[in-house]
Amino acid sequence: MEYMKRLPGRLLLIIGMVLLAVGSGVSSASAVAVAVPTLADALEASLAVTSGGTLPWFPQMVTTHDGIDAAQAGGITHGESSFMESTVTGPGTLSFWWKSSCENGYYFLRFSLDGVEQGALTGETEWRNMILPLGAGAHTLRWKYVKDGSGSAGSDTGWVDGLAVVSTGTFTITTMAGVEGKITPTAMVDYGVTVPVTVTPVPGITSQRSCWTVSPTGRVQ
Ligand SMILES: [Ca+2]
């Protein structure tokens, strides 16, 4: 079997597990999480994510970019705000998806990096991808949904999904211990490069639980 993969990160691991489950005749539903315990999980981020303001952000599974889960701003009222924050380490590239549904020109979902606004959404938008270069060192990310003194429109909120910070450089794909099949190549690949991956099951094995990791894991958040 040949699959075209985009690397790296937890998404790769999840997709790999799903594809292998499908290939072996096992239901793919068993590989998809049904619970969303934290904001970080909803964002697919191996980061500490905090929230504050009048009401905090929360994970939900209704409006998402990845079809699974996303973070949503708290249900605030006029003159209030709800923010979500995280700290990441560069150098690398920051990427996330965001979307708003609110009164155009009056309510805003704003994103700031180290206290400097990098962009804002207002009105009804589709999911949009924000990509920013990160310099070396620690950086503070903040998404803030802000309402003015009156009016309301749409779902009256904002969402964020698929938060990732990827270092520049190359990564190694390595099959995990206990594998019942083989994934090739085990090779160095550049982030953002799509490569064919061949999955070879062990003869006689009908239930494959193979998966793989990307290293150095400490550089993929
Ligand atoms: Ca998600």
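Every chain is numbered on its own, with residues counted from 1 as its sequence reads. This being a predicted model, a pLDDT of at least 70 is required before a residue's local features are given, and a value of 80 or more before pairs of side-chain atoms are given or counted; all residues contribute to the totals for chains, interfaces and linings.

### Quick word on the overall build of the protein
- The secondary structure listing takes helices from DSSP runs of H or I that are at least 4 residues long and strands from runs of E that are at least 2 residues long, numbered from the N terminus. When helices and strands are counted, the protein shows 2 helices and 14 strands.
- Neighbour counting defines burial: a residue surrounded by 20 or more other C-beta atoms within 10 Å of its own C-beta is buried, one with 12 or fewer is exposed, and intermediate counts give partly exposed, using backbone-placed C-beta atoms. Looking at the 221 residues of the protein, the share that counts as buried comes to 29%.
- Nonlocal contacts in the protein, meaning residues at least 24 apart in sequence, comprise 68% of its contacts between residues at least 6 apart. Note on contacts: residues are paired as contacts if their backbone-placed C-beta atoms lie within 7 Å.

### As for the nonpolar core
- The nonpolar core criterion groups buried Ala, Val, Leu, Ile, Met, Phe, Trp, Tyr and Cys residues into a set whenever they are joined through C-beta atoms within 7 Å. Ranked by size, the top nonpolar core spans 30 residues in total, and within it L39, L43, A71, M84, W98, L109 and V160 carry the most contacts.
- Where this core is concerned, the elements lending two or more residues are α2 (39-43), β4 (70-72), β5 (81-101), β6 (108-113), β8 (128-146) and β9 (157-166).
- Other than its neighbours up to four places away in sequence, W98 contacts L109, F111, L121, R128, M130, G158, W159 and V160.

### A word on unusual backbone geometry
- Cis peptide bonds are those with omega within 30 degrees of zero, and the linkage from G90 to P91 qualifies with 10°.
- Of note in this structure, D114 is not a glycine but carries a positive phi near 55°.
- Within the secondary structure, D114 is located in the loop between β6 and β7 (116-121).
- Phi is positive for D156, close to 55°, though the residue is something other than glycine.

### Things to note about the pairing of β8
- Pairing geometry for β5 and β8, over 17 bridges, is antiparallel. When the bridges of β8 are listed, W97 appears paired with N129.
- Here β6 pairs with β8 via 6 bridges, running antiparallel. Within β8, the position partnered with S112 by the bridge is R142. Any two strands are treated as partners once DSSP identifies two or more bridges connecting them.

### Digging into the environment of W143
- Tracing the backbone through its elements, the reader meets W143 in strand β8.
- When the C-alpha atoms of W143 and S82 are compared, they prove to be 8.3 Å apart, with 61 residues separating the residues in sequence.
- W143 has contacts with F83, M84, L109, F111 and V160, leaving out every residue within four places of it along the chain.

### Focus: the environment of A153
- Relative to the elements of secondary structure, A153 occurs in the loop between β8 and β9.
- In this structure, the C-alpha to C-alpha distance between A153 and Y107, residues 46 residues apart in sequence, is 9.2 Å.
- Setting aside anything within four residues of it in sequence, one finds A153 in contact with C102 and E103.

### Details of the environment of A70
- Positionally, A70 belongs in strand β4.
- The class for A70 is buried, based on 26 C-beta atoms found within 10 Å.
- Each C-alpha atom, one on A70 and one on G162, is 7.7 Å from the other, the two residues being 92 residues apart in sequence.

### Some details on the confidence of the model for the protein
- On average, residues of the protein carry a pLDDT of 74, and 59% of them reach 70 or more.
- Note that residues 216-221 has pLDDT below 50 and, in this model, 11 contacts with residues that lie over four places away or in other chains. For every residue, the pLDDT score states the predictor's confidence, bounded by 0 at the bottom and 100 at the top.

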